[in-house]
Amino acid sequence: MLLSCLCLYPPRPRSREPTNQLIHRSISIRDSNRIGPREGYQAAAATSTPGTGTNSKQMEDVAKDLTAGTVGGAANLIVGHPFDTIKVKLQSQPTPAPGQLPKYAGAIDAVKQTVAAEGPRGLYKGMGAPLATVAAFNAVLFSVRGQMEALLRSQPGAPLTVKQQVVAGAGAGVAVSFLACPTELIKCRLQAQSSLAEAAAASGAALPKGPIDVAKHVVRDAGAKGLFKGLVPTLGREVPGNAVMFGVYEATKQYLAGGQDTSNLGRGSQILAGGLSGAALWLLVYPTDVVKSVIQVDDYKNPRYSGSLDALRKIVAADGVKGLYKGFGPAMARSVPANAATFVAYEITRSALG
């Protein structure tokens, strides 16, 4: 779901918040579908006057932001999932035998083959699982992150430093990994079915037809723990990924604002900061994402890889370091249209809710 994931915290008009509780908003953009508000928890950490109805107003705003964030996350998936499908296909395709060509010559070839074999709907394989968990991801991400911010903040209402943003992001990454792992496993196995088809044909097994069917096959072959195959590289992606994303985002905002108060930054500056944070995230964790993908689409009964390190060694031995960047182009190309869809969907929904 990174995620792979986009996190968006659009600024809300100031007229909706009491002046003594105005908390600056931030947009954190990531190639994923996780979007959620933070100011509900930030404001909860601030001093409020009993009996004024402030707490109920805060909870109402959190609910509205969560709803809008979920709609934005769904829009992100609809627009960005085809790019993610091509990324996973390129990541998981086996290394060809000497003298033979790879199944896909590149991203464009993967698109052509997928559409020719399965039609346009083939680009959306595996979207059901992350779409079904968008709200849960929002709830986990913004609640854990909000609690981390409250613990790290030097005083109620104070903005977090870049270092504190890094720590809060890492903490959120730990929490979401346990939801991301089974969701990503189901998604990846559906997306990579063309690669798994040969093994299935050789064994006489039928390929799963949807997310629920994939989950049933996995539990049948490996028990419930099989749904958490690839948890180590998922943690290895989510923890440093969230830490770097939020840290780079906050550092860029403060640089553009000339100080810690970033509440007056325009959307252009926020989107620039989000884009840089997303690029930094992928540059850091993409090799880990490749390892995660090949492990999660690996056969349970006759696995090619014994673990993360074994997968890493075998990928480098077969394809060199460049093998750890298979599908990098589609992953980066996904961010622009997916981010735009997320932002527009969030704003339209949030305005409609009042």
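Not measured: the values here are computed from a predicted model.

Visitor: Honestly, the pattern of salt bridges in this entry has me stumped. Any pointers?
Guide: In a structure, side chains of opposite charge can pair up when their charged atoms sit close to one another. Counting across every chain of the model gives 15 salt bridges. Here D84 ties to K187 by a salt bridge, and the two come within 2.7 Å at their closest N and O atoms. Of this pair, D84 sits in helix α2 (residues 54-92) while K187 sits in helix α6 (residues 162-191), placing them 103 residues apart in sequence. Using a relative accessible area of 4% as the deciding quantity, one classes D84 as buried. The salt bridge involving E184 is made with R237; its shortest N-O contact spans 3.3 Å. Residue E184 is located in helix α6, and its partner R237 is located in helix α9 (residues 231-257); the two are separated by 53 residues in the primary sequence. The two residues E184 and R237 agree in class, both being buried. By sharing partners, the salt bridges in this structure join D84, K87, E184, K187, R237, E238, D289 and K292 into a single network.

Visitor: Explanation requested: the confidence of the model for the protein in the structure shown.
Guide: For any part of a model where pLDDT is low, the fine detail of the predicted coordinates should not be relied upon. Predicted confidence across the protein gives a mean pLDDT of 80, with 81% of residues reaching 70 or more. Helix α11 (residues 308-319) holds the highest mean pLDDT among the elements of the protein, 96, whereas helix α1 (residues 39-45) holds the lowest, 41. Across residues 2-51 the pLDDT falls below 50, and counting only partners more than four positions away or on other chains, this stretch makes 200 contacts in the model.

Visitor: Help me understand the side chain of T114 in this model?
Guide: Here T114 lies in helix α3 (residues 107-118). Not counting the four nearest positions on each side in its chain, T114 is found in contact with I86, K89, G119, G122 and L123.

Visitor: Looking at this structure, I do not really get the nonpolar core. What am I missing?
Guide: By size, the foremost hydrophobic cluster in this structure holds 15 residues, and its most contacted members are V291, V294, A311 and I315. Elements with a minimum of two residues in this core: α9, α10 (267-296) and α11. Looking at which element gives the most residues to this core, the answer is α10, with eight residues. Excluding residues that lie within four positions of it along the chain, I315 makes contacts with V290, V291, V294, G320, G323 and L324. Membership of the second largest hydrophobic core comes to nine residues, among which are L190, V214, V218 and Y300.

Visitor: It is not clear to me how α11 should be interpreted in this structure. Could you clarify?
Guide: Since the α-helix turns once every 3.6 residues, residues separated by three or four places project in the same direction. Relative to the 16 Å expected for 12 residues at 1.5 Å per residue, α11 spans 16 Å between its end C-alpha atoms, a close match to the ideal helical length. Along α11, the residues that are buried comprise D310, A311, I315 and D319. Take α11 and look down its axis: the buried residues cluster within an arc of 130°, on one side only. What points out from α11, more than 90 degrees from its buried face, is the exposed set L309, R313 and A317. Following α11 by one or two positions, G320 has its phi on the positive side, about 80°.

Thresholds, definitions, all that
- Counting restarts for each chain, with residues numbered from 1 along the sequence as it is written.
- Given that the model is predicted, a residue must reach a pLDDT of at least 70 before its local features are reported, and side-chain atom pairs must reach 80 or more before they are shown or counted; all residues, however, enter totals for whole chains, interfaces and linings.
- With hydrogens and water set aside, each side-chain value is computed from the structure's full complement of heavy atoms.
- Counted as salt bridges are all cases of a side-chain nitrogen of Lys or Arg within 4 Å of a carboxyl oxygen of Asp or Glu.
- Put simply, DSSP H or I for four residues or longer makes a helix, DSSP E for two residues or longer makes a strand, and each gets a number counted from the N terminus.
- We call a residue buried when its accessible area falls under 20% of the maximum for its residue type, exposed when it is over 50%, and partly exposed in between, using a 1.4 Å probe and counting protein chains only.
- Confidence of the predictor at the level of single residues is captured by pLDDT, which takes values from 0 to 100.
- We call two residues in contact whenever any of their non-hydrogen atoms come within 4.5 Å of each other.
- By nonpolar core is meant a set of buried Ala, Val, Leu, Ile, Met, Phe, Trp, Tyr and Cys residues that side-chain atoms within 4.5 Å join together.
- The span one expects for a helix is its residue count, reduced by one, times 1.5 Å.
- Arc, as used here, means the arc of the directions from the helix axis to the C-beta atoms.

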